[in-house]
Amino acid sequence: MNLISILVLLFITLFVVVKLTERHGKPLTNEQQGRLAKIAMVLIFVMLVAALIKSLM
């Protein structure tokens, strides 16, 4: 029962966040999208390296 309540809360929160960002979000330019994509790739790489280090120790 506890798991179901956590999942319901997560889905409600996700729904609210999506609705708010659809209404109040502004479109990104191509330059902003490219910059965010580069940052995301670096963060994913750092996360993978950290997970590899954690699994080796």
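Residues numbered from 1 in each chain as written. Predicted model: local features only at pLDDT ≥ 70, side-chain atom pairs only at ≥ 80, totals over all residues. Heavy atoms only, no water.

Colleague: Got a minute to help me understand the overall build of the chain in this structure?
Modeller: The number of helices and strands found in the chain is two helices and zero strands. Taken against the 2.2 N^0.38 rule, which gives 10 Å for 57 residues, the C-alpha radius of gyration of the chain at 17 Å runs more than 25% over that of a compact globule. Dimensions of the chain along its principal axes, counting C-alpha atoms only, are 40 × 35 × 10 Å. Burial status across the chain gives 0% buried among its 57 residues. Accessible surface for the chain amounts to roughly 5800 Å². Of this, 76% is attributable to carbon and sulfur atoms. (Helix = DSSP H or I, 4+ residues; strand = E, 2+ residues; numbered from the N terminus. Rg over C-alpha atoms; globule rule 2.2 N^0.38 Å. Buried < 20%, exposed > 50% of the residue type's maximum accessible area, 1.4 Å probe, protein only. Areas by Shrake-Rupley, 256 points an atom, 1.4 Å probe, with all protein chains shown as cover.)

Colleague: Please explain a nonpolar patch on the surface as it appears in this structure.
Modeller: Residues Leu 3, Ile 6, Leu 7, Leu 10, Phe 11, Leu 14 and Val 18 make up a contiguous nonpolar surface patch of roughly 690 Å² in combined accessible area. With respect to the helices and strands, the residue Leu 3 is situated in helix 1 (residues 2–24). Judged by relative accessible area, Leu 3 falls into the exposed class, the value being 59%. (Patch = residues over 30% accessible without salt bridge, like charges linked within 9 Å, V, L, I, M, F, W, Y side chains within 5 Å. Salt bridge = Lys/Arg side-chain N within 4 Å of Asp/Glu carboxyl O.)

Colleague: Would you mind going over the pattern of salt bridges with me for this structure?
Modeller: One side chain can pair with another of opposite charge once the charged atoms of both are near each other. Inspection of the entire model under this criterion finds one salt bridge. For Lys 19, the salt bridge identified is with Glu 22, shortest N-O distance 3.8 Å. You can see Lys 19 and its partner Glu 22 sitting in helix 1, three residues apart, about one turn around the helix.

Colleague: In this structure, what is going on with the environment of Leu 7? I would like to understand it.
Modeller: In this fold, Leu 7 is placed in helix 1. For Leu 7, a relative accessible area of 39% gives the class partly exposed. The sequence separation of Leu 7 and Gly 34 amounts to 27 residues, and the corresponding C-alpha distance is 33 Å.

No statement about biological role is implied by the geometric values presented.
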